[in-house]
Amino acid sequence: MDQTSNPFADIGDMETFYERVAPYNLGCGWRSEDRDPGGKTYSSPYPNAHWKYADVRPALDAAAKLISAEDAGRRILMCVNPVEGGGKPGIGPTLFHAYQMVLPGETAPSHRHPMHALRVILDATKMYSVVEGEKTLMETGDVVLTPGGMYHSHIHDGDDPAYWLDGLDAPFTRALHLVIFEPHPDVYEPVKVVAEVSPFRFSWSDIQTMLDKAEDDPEGYFPRRVRLDTATMPTLGVYVQRLEAGQTTRMYRTNANTSFAPMQGSGVSIIEGEEIHWNRGDVFAAPTWRWIEHRADEDSVLFTMTDAPLLEFAKYYKFEGS
Ligand code: GTQ
Ligand code: FE2
C-alpha cells in the first residue's frame, strides 16, 4: 500500500485514529466502550424474580373475558423479568415461562417452532396435548413436552378452565435469531393415535413413583431430586424434587440459569440472601451464580428447569457448594 492511499498514515492523535478506523467496522480492544466488560466473577443483571399463581390466575380469568376463543392458543401471560433497561419475555437470557389458560371446548391451532417447550399442568382435567398427531392426556400435576420442530396443539374436553405453566428456551432461540412460528397447514392437526403412555408425558403418578425411588443426596444439595428424560429437548434440564416439611437443602451456586416452580406445598427459598416465599403454582428465577437454598414449610414438590445442559455442552458449566 503506497503512502498516499493509506488512510492511517500520518495520524497524530487518537481521535483522528478513531474517526479513520470507524468505516472499517473494527473495534478497539483498548477502549472500554468497545469491549465486553467481564468482571472477575460471574454476575447476571437479572433480579431474582418471583411470579405468584395467586396473582396470575385471576388475571388470566379476566383475560378470558376479553380474549376470544380464536385467540385461545395465545391466551398467555408471559413472565417478564424486571431487568434494568426493560425486560423481554423471559426469566433470564435462556429460559421463558408463561401461564396459559384454556376454557372448556376451546382448541388451540396446531403450530411448530424451533423452541423446545414444556408444560407443567397446574389445574386441568380432560385436557389433551396433540404432538405430531399423538394425543395424550394432560392433567393436574403432569409435565408434558412439546419438543422443538414438532407440530403441537391442544384440546379441552373438560368442564372447567385449564391452567398451566409453559417453559421454553425461547430467549436463547431469540438470541440466535432463530425464532420462527409455522402454523399447521390444516390449522388443526389430525389425531393419528391416542397414546396411554408417551415419552412426552410424565404423569403426576409417574412423577410420584420416580420420587418414591429417588436417592437421598448425602451431600445435601439435591436431596431426592429426579431428572426427567428430556433428551428430545437438549437445551433444557428438567428436574422434580421432593422436600419434606421442615427440610432444608444445603446452599450451592451454579453459573446456570434456573427456574423453580413448586408443584405441591409451600416454603421459602433463599436466593443470594433474598427470601422468596412460595406456594404451589408460583415460579421464581435464580439467575447465574446466586447462592440457592430451599426450606419446605409443608411436604413439597419443586419443579426445576435449567440451562445447565447447554452450559455443559459448551464446557462453561460451574458448580460451587457451601
Ligand atoms: O408451549 O409452544 O407460552 O408456542 C408461547 C408460545 C408457549 C408453546 C408459550 C408457545 C408455547
Ligand atoms: Fe407452541
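Scroll up a little and you will see the structure.
A quick note: this is a predicted structure, and the numbers were derived from the prediction, not measured.

Another point: the packing of aromatic side chains. Each aromatic ring pair is described using two quantities: the centre-to-centre distance and the angle formed by the ring planes. Counting across every chain of the model gives 14 aromatic pairs. Between the aromatic rings of tyrosine 221 and phenylalanine 319, the centroid separation amounts to 5.3 Å while the plane-to-plane angle is 80°, which identifies the pairing as edge-to-face. Taken together, the positions of tyrosine 221 in the loop between helix H4 (204-212) and strand E14 (225-227) and phenylalanine 319 in strand E23 (residues 319-321) put the pair 98 residues apart, joining distant regions of the chain. A centroid spacing of 6.0 Å and a plane angle of 50° characterise the contact between phenylalanine 222 and phenylalanine 319, whose relative ring orientation is tilted.

Before going further, it helps to examine the coordination of the iron ion (ligand 2). Bound to the iron ion (ligand 2) are the protein donor atoms His111 (NE2), His113 (NE2) and His152 (NE2), situated 2.1 to 2.2 Å from the metal. Between the donor residues of the iron ion (ligand 2), the gaps in sequence give the motif H-x1-H-x38-H. Taken as a pair, histidine 111 and histidine 113 share a single burial class, namely buried.

Burial within strand E3 (residues 96-102) is extensive, with seven of its seven residues counted as buried. The alternating pattern of E3 places Phe96, Ala98, Gln100 and Val102 on one face and His97, Tyr99 and Met101 on the opposite face, and all of these are buried. Direction of pairing for strand E2 (residues 76-78) relative to E3: antiparallel, over a ladder of three bridges. Bridge assignment links isoleucine 76 to a residue of E3, and that residue is glutamine 100. Where E3 and strand E10 (residues 162-168) come together, seven bridges link them in antiparallel fashion. Across the sheet, methionine 101 pairs through a bridge with tyrosine 163, a residue of E10.

Reading guide: rules and limits
Residues numbered from 1 in each chain as written. Chains lettered and ligands numbered in written order. Predicted model: local features only at pLDDT ≥ 70, side-chain atom pairs only at ≥ 80, totals over all residues. Heavy atoms only, no water. Phe/Tyr/Trp six-rings, centres within 6.5 Å; stacked < 30°, edge-to-face > 60°. Helix = DSSP H or I, 4+ residues; strand = E, 2+ residues; numbered from the N terminus. Donors = N, O, S within 2.8 Å, 3.2 Å for Na, K, Ca; no water. Buried < 20%, exposed > 50% of the residue type's maximum accessible area, 1.4 Å probe, protein only. Pairing = 2+ DSSP bridges.

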